[in-house]
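Here's the letter readout for the chains.
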Amino acid sequence: MNIGIFVNSKTGNTLSVAEKLRDKLVSIGHNVALEKIVASNDGEMNIEKIVISNPPSTQGYDMLVFAAPVNGFRLAFVMQAFLRSLPSLEGKLLAGFVTEAFPFPWMGGNQSLKGMEKLVQAKGGTLSATGVVNWRSPDKRDVLITQTIEKIAAISR
Ligand SMILES: Cc1cc2nc3c(=O)[nH]c(=O)nc-3n(C[C@H](O)[C@H](O)[C@H](O)COP(=O)(O)O)c2cc1C
C-alpha cells in the first residue's frame, strides 16, 4: 500500500509519533511518505488566511494519515487549513491522531479529533482509526503512542 502521513508539529512531539508510525508501517511492507505541513504565517488566527508552504500532494496514496497537535482545545489551525484545502477524499482509507499536553483526551484531544473528522467528512471521507496521545506522563504517553500506532497499522492490512 502507498501511505502518506501528513504531519503538522510545532515542537516535535507529533512528528516523533509520526516517525514511529512510519517505521512501523514500513516494517510491515508499506511504501510510506512522511510530509510536513508548515505554514509561512504560522500563528495566524484566521484559518482562511493561513498559507501552507509548498503544500504536499495527497494524490497517489491508498491511505492517508493526518497528525497535528491540540492548540487551544482545538485541532492546530495549520492542519485545519491544510484539510480545508484538500481535494476529494472519497474512497481513501483515512486515519488521524493528535498529541496534547494535558493528561486526558477530553482536555482538547477528543474535540480536535472531532474537528478533524468534520473537515475530512466535508471532503467525502471518514477516519477509520484515530488516537489521542497525552504527552505529560512518559509511561502513559508510551502506551498511548503504541496503541495509536497499532490501531492505524491495523487498518492498513
Ligand atoms: C498555542 C498552544 C496551545 C496549546 N493548547 C493545548 C490544549 O488546549 N490542550 C492540550 O492538552 N495541550 C495544548 N498545547 C500543548 C500541545 O498540544 C502539546 O505540547 C503537543 O504535544 C505539541 O505537539 P508538537 O510538538 O507536535 O507541536 C498547546 C500548545 C501550544 C503551543
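Quick notes on the rules
Here the residue numbering is sequential within each chain, running from 1 through the sequence in written order. Note on the predicted model: pLDDT of at least 70 is required for a residue's local features to be given, and 80 or more for side-chain atom pairs to be given and counted; whole-chain, interface and lining totals, by contrast, use all residues. Secondary structure counts use DSSP, requiring at least four H or I residues in a row for a helix and at least two E residues in a row for a strand, with both numbered from the N terminus. The size measure is the radius of gyration over C-alpha atoms, and the globule rule it meets is 2.2 Å times the number of residues to the 0.38 power. Residues are defined as contacting one another if the C-beta atoms placed from their backbone atoms lie within 7 Å. To obtain each axis, a line is fitted to C-alpha atoms, and for helices this fit is confined to the stretch in contact; angles are then taken between N-to-C directions over 0 to 180 degrees. Angle categories are assigned with fixed cut-offs, so that under 35 degrees is roughly parallel, over 145 is roughly antiparallel, 65 to 115 is roughly perpendicular, and the rest are oblique. Crossing chirality is assigned from the near helix's rotation relative to the far helix, an anticlockwise turn below a right angle marking it left-handed and a clockwise turn marking it right-handed. All amino acids are sorted into three groups, where Ala, Val, Leu, Ile, Met, Phe, Trp, Tyr, Cys and Pro are nonpolar, Asp, Glu, Lys and Arg are charged, and the leftover types, Gly among them, are polar. Buried means a residue has 20 or more other C-beta atoms within 10 Å of its own C-beta, exposed means 12 or fewer, and partly exposed covers the counts in between; C-beta atoms are placed from the backbone. Paired strands, as defined in this entry, are two strands with at least two bridges between them according to DSSP. We call a residue near a molecule or strand if the C-beta atom, set from the backbone, is within 6 Å of it.

Enquirer: Looking at this structure, I do not really get the overall build of the protein chain. What am I missing?
Expert: Tallying secondary structure elements over the protein chain gives 4 helices and 6 strands in all. Secondary structure elements in the protein chain, listed N-terminal to C-terminal, are β-α-β-β-β-α-β-α-β-α. A compact globule built from 157 residues should have a C-alpha radius of gyration of about 15 Å, and the protein chain, at 14 Å, falls within 12% of that. Overall size of the protein chain, expressed as C-alpha extent along the three principal axes, is 40 × 35 × 25 Å. Considering only intrachain contacts with a sequence separation of at least 6, the fraction spanning at least 24 residues in the protein chain is 72%.

Enquirer: Please clarify how the packing of helix H2 (residues 77-85) against helix H3 (residues 109-121) should be interpreted in this entry.
Expert: Two packed helices can be described by the angle between their axes and the distance between those axes. As a packed pair, H2 and H3 sit with axes 9 Å apart at the nearest point and diverge in direction by 15°. The angle between the axes of H2 and H3 places the two elements in the roughly parallel class. For H2 against H3, the interelement crossing comes out right-handed. Every residue of H3 that contacts H2 at Gln-80, Leu-83 and Arg-84 is listed here: Gly-115, Met-116, Leu-119 and Val-120. Its residues assigned to classes, the contact of H2 with H3 shows 4 nonpolar, 2 polar and 1 charged.

Enquirer: Sorry, what's going on with the pairing of strand E3 (residues 63-71) here?
Expert: Remember that side chains alternate between the two faces of the sheet whenever the strand is regular. Across the 9 residues of E3, 8 count as buried, placing the element largely inside the fold. Relative to E3, strand E1 (residues 2-7) is paired through 5 bridges, and the arrangement is parallel. Within E3, the residue paired with Ile-5 across the bridge is Val-65. Here E3 runs beside strand E5 (residues 93-100); their pairing, made up of 7 bridges, is parallel. Bridging from a neighbouring strand, Met-63 pairs with Leu-93 of E5. With antiparallel pairing between neighbouring strands as the criterion, E3 and strand E4 (residues 74-75) make up a hairpin whose turn holds 2 residues, including Gly-72 at a positive phi of roughly 60°.

Enquirer: Explain the environment of Asn-71 to me, please; I cannot follow it from the model alone.
Expert: Tracing the chain through its elements places Asn-71 in strand E3. The exposure class assigned to Asn-71 is partly exposed, which follows from the 18 C-beta atoms found within 10 Å. Considered as a pair, Asn-71 and Ala-122 are 51 residues apart in the sequence and their alpha carbons are 21 Å apart. Setting aside anything within four residues of it in sequence, one finds Asn-71 in contact with Ala-76 and Phe-77.

Enquirer: Can you walk me through the site of the ligand in this structure?
Expert: Every one of the 19 residues lining the ligand counts as a neighbour, but Ser-9, Thr-14, Pro-69, Glu-100 and Phe-102 are closest to it. Counting only elements with at least two residues in the shell around the ligand, the list comes to helix H1 (13-27), E3 and E5. Tallied by class, the residues present in the shell around the ligand amount to 8 nonpolar, 9 polar and 2 charged.

Enquirer: Whenever I open this one, the packing of H1 against helix H4 (residues 138-154) confuses me. Can you help?
Expert: Between H1 and H4, the least distance of the axes is 10 Å, while the angle of their chain directions is 45°. Considered as vectors, H1 and H4 are oriented oblique to each other. Here H1 and H4 pass one another in a crossing that is right-handed. In contact with Val-17, Lys-20, Leu-21, Lys-24 and Leu-25 of H1, H4 contributes Ile-145, Thr-148, Ile-149, Ile-152 and Ala-153. Here the contact of H1 with H4 is composed, by residue class, of 7 nonpolar, 1 polar and 2 charged.

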